[in-house]
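What follows is each chain in one-letter form.
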Amino acid sequence: MTLTRRKFLKAAATSALSVMAVPCISQGFELEGRMSLGPKALKARRWAMVVDMNKCRDDCADDCLIACHEIHNVPYIPKAEHEVMWLFLEPYENAFPERSHRFLSKRVREKEFFLMCNHCEDPPCARVCPTQATFKREKDGIVMIDYHRCIGCRFCMAACPYGSRSFNFRDPRPFIKKINPEFPTRRRGVVEKCNFCQELLEVGRMPACVEACKEGVLTFGDLEDPTSAVRTLLSEKPHIRRKPDLGTGPSVFYIV
Amino acid sequence: MLEKVFHGGKGYWVWVLALAAGVGIGLMAYLYQLREGMWVTGMSRDVSWGFYISQFTFLVGVAASVLMVVLPLYLHDFKAFARITALSQFLAVGTLLMSLLFIFSDVGMPMRILNVPLNPTPHSMLFYDTVFLPGFMVINLIIGWTAIGAEKREVPLQWWVKGLIYLSMPWAVVMHTVTAFIYAGTPGRGFWMTAIMAPRFLVTAFAAGPALLIILCTAIKTLTHFVVTERAIQKLVTIMLYALIIDAFFLGVEYFTVFYADIPEYTETFQYLFLGIDGDCALVPWTWCMNLALLVAIGLLVIPGARSNRPVLIAACIIALIGLWIDKGYVLVPAAFIPNVFGRIMEYPPSWVELTISLGIYALGTLIITALYKVVISVKEETQDL
Amino acid sequence: MFNKGWVIGGIIIFVAVAAFPFYWYQVGRDKPFPELELPAKEKRCVESVDFMRANHMRLLDAWRIAVVRDDLLIYTSAKGENFEMNLHKTCMGCHTSRDRFCNRCHDYNNVVPPCWDCHFAPSEAVKDQRPEVGVQPPAQRGLRPGARSEVIRVNRKGGKS
Ligand code: SF4
Ligand code: SF4
């Protein structure tokens, strides 16, 4: 008999490997149709947000937070450890730990700031993602997560220096009070964060939080366009960004 | 050669069955985690990596330490190591299998794990780990297996196996360096962002591996007829001692830089580790234990009389191993998240699910190592002239 | 060394175990092709019926990549008609029922696409789509509207100063 056990095992292993390789190479499908931008899509080279904290009233009903979380089906998870947050509040001393010191007045230290993903110019989260599920769209600077692709390794959460990312520790569906039927939910096991309302921009609307705030705290626009509303504000008023020394280039600015 | 695995005494089978039971329990815990989601672990949105990733880090180190056996043997012709290379290579196989399983248990969407090879991402350090880890595992399995086969048939090693051996040397260093780069490349985590991370990973690996090998060799000697020469053991001790001393030096350098420069972003975690912050001090005992263990192990090993006394040597190895495990396998990963990016303290205790799954993975790795060692030892028992 | 009885018995057991999916899921047994509920008003789909029947999953895959990764929104079909690439609005706008359209065929073919983990048919969104998870939605825990932000504020453990 020429077929020794050794040879048989080798052959079996080789064929098993090649069977596994088939689905990887048998892809190649051409759509007949074409795809294009939405006709009303808002365009910018780099979207940015300016938050004017002077205008923010403490006693309003947090319309912006609710608008954001409701439109995106963000679950309300009661346990702080597993919370999912796209737009959230932190006191000044926690939002800007490197800037706070004990001589700041209590009012400033405890003033709550709106935090969200900064859609960094050089996002460390996208740099570390092993599947390119997180990526920066070169066209408009929005840092996106492809929830179809994310494997939930949470490397991006370790790399994001702003705590902007939340992991779905549990199935979010039962924790969504009112499902917005226009937008999908996420599923257990993926990371999620603010998307600068990319789905609204492409149909010609401003982000939900900007639309919701009646006091004009939030201004949204193109950072690369010198005539845009955000650039006008930035040239008029002194402003800060979170942890600028890390070189990530946040696109969210705060007027204090 | 594989049939050797199925011939063993009563003790062997009890051991194998115990390990298999451990694997079963771990598997059950994993299915529970798969069904419920990651909330059954102790991790949170603040401490987003925990026990699994820690074990992965520690075990990759143990695997990389195969270099400390192969290098003296093949570059310096230190013949005494010829008897233990296979042991150390198969140890690497088992530990790498475990580290891959630990990554697998850590991801939230395990069914999508193939997205990593399907979307190769050269700018992600985790990508390099997924390339180098399985690669090193396969290389070592091939080398170890063919070397044992050659020994059994009493023929010299094939040329391509030698080539693989030389390839495995830089591979070990690169593999563990990219593991360190996972951590050292994250802006905003002061505790990780230090250039000493990769060198320290290597020296802790080169201490942990030999320590474990010494313990294993002693166990094998008492259980079987396979003998490892005192010369080989003493060489391992020397390697381990130097690695420990360099590690202590690196740690000292790190402590000095952090505490003397005193930049809050960098000191805060160390303050939490050594003293605790505002009464939150879950890692304080571990940190002190780790530093103490390092010093005690060095203290024991520098004494010539102590290190040639086998029980004392074993004690020193165990102490060193505990210290090194706490360092890389318990403290290193969660500590970087405490305080979190908002300067708040969210502590991390691993949950019972995490611990049970880890137990299962360790049992599986040990089972694989046991089986491979069984082959090595049977062949060596046949060929060694007693 | 080899015992015939053991080997043959082993092979039989192995085949029985390996063939488990075939007899368990009754592969090869005739089942009537399910009836799909087609939209009452709309007669034209994005592409021809034959194309959709064979390739809807590839079309959807191409769409999701285009929308998520390339920021595209409009699909112009081979016939030159424009559609918004949106599962909820475009597909489920006509095929309003997931159970009576998608699932019937998927069940018949025994495929479980993971779409529904995140997406849903808008008309079915009100019902909890995964009733096996027995956790009460927040509304039933007595939280008033707008309490979420309050929770975001107070939930996180107070830190150092
Ligand atoms: S804020 Fe964080 S998540 Fe957002 S782009 Fe920057 S690094 Fe990424
Ligand atoms: S958790 Fe998802 S998005 Fe984050 S790094 Fe991993 S794969 Fe990328």
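Use the structure listed above.
A few points on the structure. None of the values given here were measured: they were computed from a predicted structure. (Residues numbered from 1 in each chain as written. Chains lettered and ligands numbered in written order. Predicted model: local features only at pLDDT ≥ 70, side-chain atom pairs only at ≥ 80, totals over all residues. Heavy atoms only, no water.)

A sheet is described by the order of its strands in space; here three strands give the open sequence 1(A)-1(C)-2(C), paired in antiparallel fashion. Looking at which strands have only one partner, the edges of the open sheet turn out to be strand 1 (34–36) of chain A together with strand 2 (82–84) of chain C. The average angle at which neighbouring strand axes cross in this sheet is 30°, direction not considered. Examined bridge by bridge, strand 1 (residues 74–76) of chain C and strand 2 of chain C share three bridges and lie antiparallel to one another. Note on strand 2 of chain C: the bridge partner recorded for threonine 76 of chain C is asparagine 82 of chain C. (Pairing = 2+ DSSP bridges. Helix = DSSP H or I, 4+ residues; strand = E, 2+ residues; numbered from the N terminus. Axes fitted to C-alpha atoms, helices over the stretch in contact; angles between N-to-C directions.)

Right, let's get into the site of ligand 2. In the region of ligand 2, the neighbouring residues are Cys129, Pro130, Thr131, Thr134, Cys150, Ile151, Gly152, Cys153, Arg154, Cys156 and Val191 of chain A. Across the shell around ligand 2, the residue classes break down as seven nonpolar, three polar and one charged. (Near = heavy atom within 4 Å. Nonpolar A, V, L, I, M, F, W, Y, C, P; charged D, E, K, R; others polar.)

It is worth spelling out the side chain of aspartate 171 of chain A at this point. Residue and element names in this part refer to chain A. The residue aspartate 171 is located in the loop between strand 7 (166–167) and strand 8 (191–192) in this model. The exposure class of aspartate 171 is buried, given its relative accessible area of 6%. Among the polar contacts listed, one links the side chain of aspartate 171 to the backbone nitrogen of arginine 173, at a separation of 3.3 Å. (Buried < 20%, exposed > 50% of the residue type's maximum accessible area, 1.4 Å probe, protein only. Polar contact = N/O pair within 3.5 Å; in protein donor to acceptor, adjacent residues only side chain to side chain.)

Turning our eyes to something else, we now look at the nonpolar core. Membership of the largest hydrophobic core comes to 193 residues, with the highest contact counts inside it found for Met49 and Val51 of chain A together with Trp49, Met175, Tyr183, Trp192 and Leu244 of chain B. Other than its neighbours up to four places away in sequence, methionine 175 of chain B contacts Val60, Ala63, Ala64, Leu96, Asp129, Phe132, Leu133 and Phe136 of chain B. With 18 residues, the next largest nonpolar core counts Val46, Trp63, Met85 and Trp116 of chain C among its residues. (Core = buried A, V, L, I, M, F, W, Y, C linked by side-chain atoms within 4.5 Å. Contact = heavy atoms within 4.5 Å.)

Here we come to a nonpolar patch on the surface. Taken together, the side chains of Trp6, Val7, Ile8, Ile11, Ile12, Phe14 and Val15 of chain C define a hydrophobic patch exposed on the protein surface, amounting to about 790 Å² of accessible area. Tracing the sequence through the fold places tryptophan 6 of chain C in helix 1 (residues 4–18). (Patch = residues over 30% accessible without salt bridge, like charges linked within 9 Å, V, L, I, M, F, W, Y side chains within 5 Å. Areas by Shrake-Rupley, 256 points an atom, 1.4 Å probe, with all protein chains shown as cover. Salt bridge = Lys/Arg side-chain N within 4 Å of Asp/Glu carboxyl O.)

Between two packed helices, the angle of one axis relative to the other and the distance separating the axes together describe the packing. All names here are of chain B. The interhelical angle for the contact between helix 4 (residues 85–106) and helix 14 (residues 352–383), taken along N-to-C directions, is 155°, at an axis separation of 9 Å. With respect to each other, helix 4 and helix 14 are oriented roughly antiparallel. Where helix 4 crosses over helix 14, the two elements pack in a sense that is right-handed. Considered class by class, the residues forming the contact of helix 4 with helix 14 number 18 nonpolar, seven polar and no charged. (Parallel < 35°, antiparallel > 145°, perpendicular 65-115°, else oblique. Left-handed = near helix turned anticlockwise from the far one by under 90°.)

It is worth spelling out the side chain of lysine 111 of chain A at this point. Residues and elements named next belong to chain A. Tracing the backbone shows lysine 111 in the loop between helix 4 (106–110) and strand 4 (112–115). Residue class for lysine 111 comes out buried when judged on its relative accessible area of 17%. Contacts of lysine 111, omitting those with residues within four sequence positions, involve Met53, Cys56, Asp58, Glu90, Pro91 and Tyr92.

Residue and element names in this part refer to chain B. The end-to-end C-alpha distance of helix 1 (residues 10–36), which contains 27 residues, comes to 39 Å, matching closely the 39 Å that a straight helix rising 1.5 Å per residue would cover. Taken as a whole, helix 1 has its buried residues at Tyr12, Val16, Leu19, Gly22, Gly26, Ala29, Tyr30 and Gln33. Residues of helix 1 that are buried make contact with helix 2 (51–64), helix 4 and helix 14. Remark: glycine 37 follows helix 1 within two positions and exhibits a positive phi of approximately 105°. (Expected span 1.5 Å × (residues − 1).)

Residues and elements named next belong to chain A. Strand order in the open sheet formed by four strands is 9-2-11-10, with mixed pairing between adjacent strands. Only two strands of the sheet have a single partner each, and these edge strands are strand 9 (218–222) and strand 10 (239–240). Where strand 2 (residues 47–52) and strand 11 (residues 252–255) come together, four bridges link them in parallel fashion. The residue of strand 11 that forms the bridge with valine 50 is phenylalanine 253. Across the face of the sheet, helix 9 (residues 229–236) comes into contact with strand 2, strand 9, strand 10 and strand 11 while running at roughly 115° to strand 9.

Take the environment of arginine 186 of chain A next. As for its position among the elements, arginine 186 of chain A is in the loop between strand 7 and strand 8. Placed 114 residues apart in sequence, arginine 186 of chain A and histidine 72 of chain A show a C-alpha to C-alpha distance of 9.4 Å. Setting aside residues up to four positions removed in sequence, arginine 186 of chain A forms contacts with His72, Asn73, Val74, Trp86, Tyr147, Asn168, Pro172 and Glu192 of chain A together with Asp117 and Cys118 of chain C. Here the side chain of arginine 186 of chain A touches asparagine 73 of chain A through a polar contact of 3.3 Å, landing on its backbone oxygen. Of note is the side chain of arginine 186 of chain A, whose polar atom sits 3.2 Å from the backbone oxygen of proline 184 of chain A.

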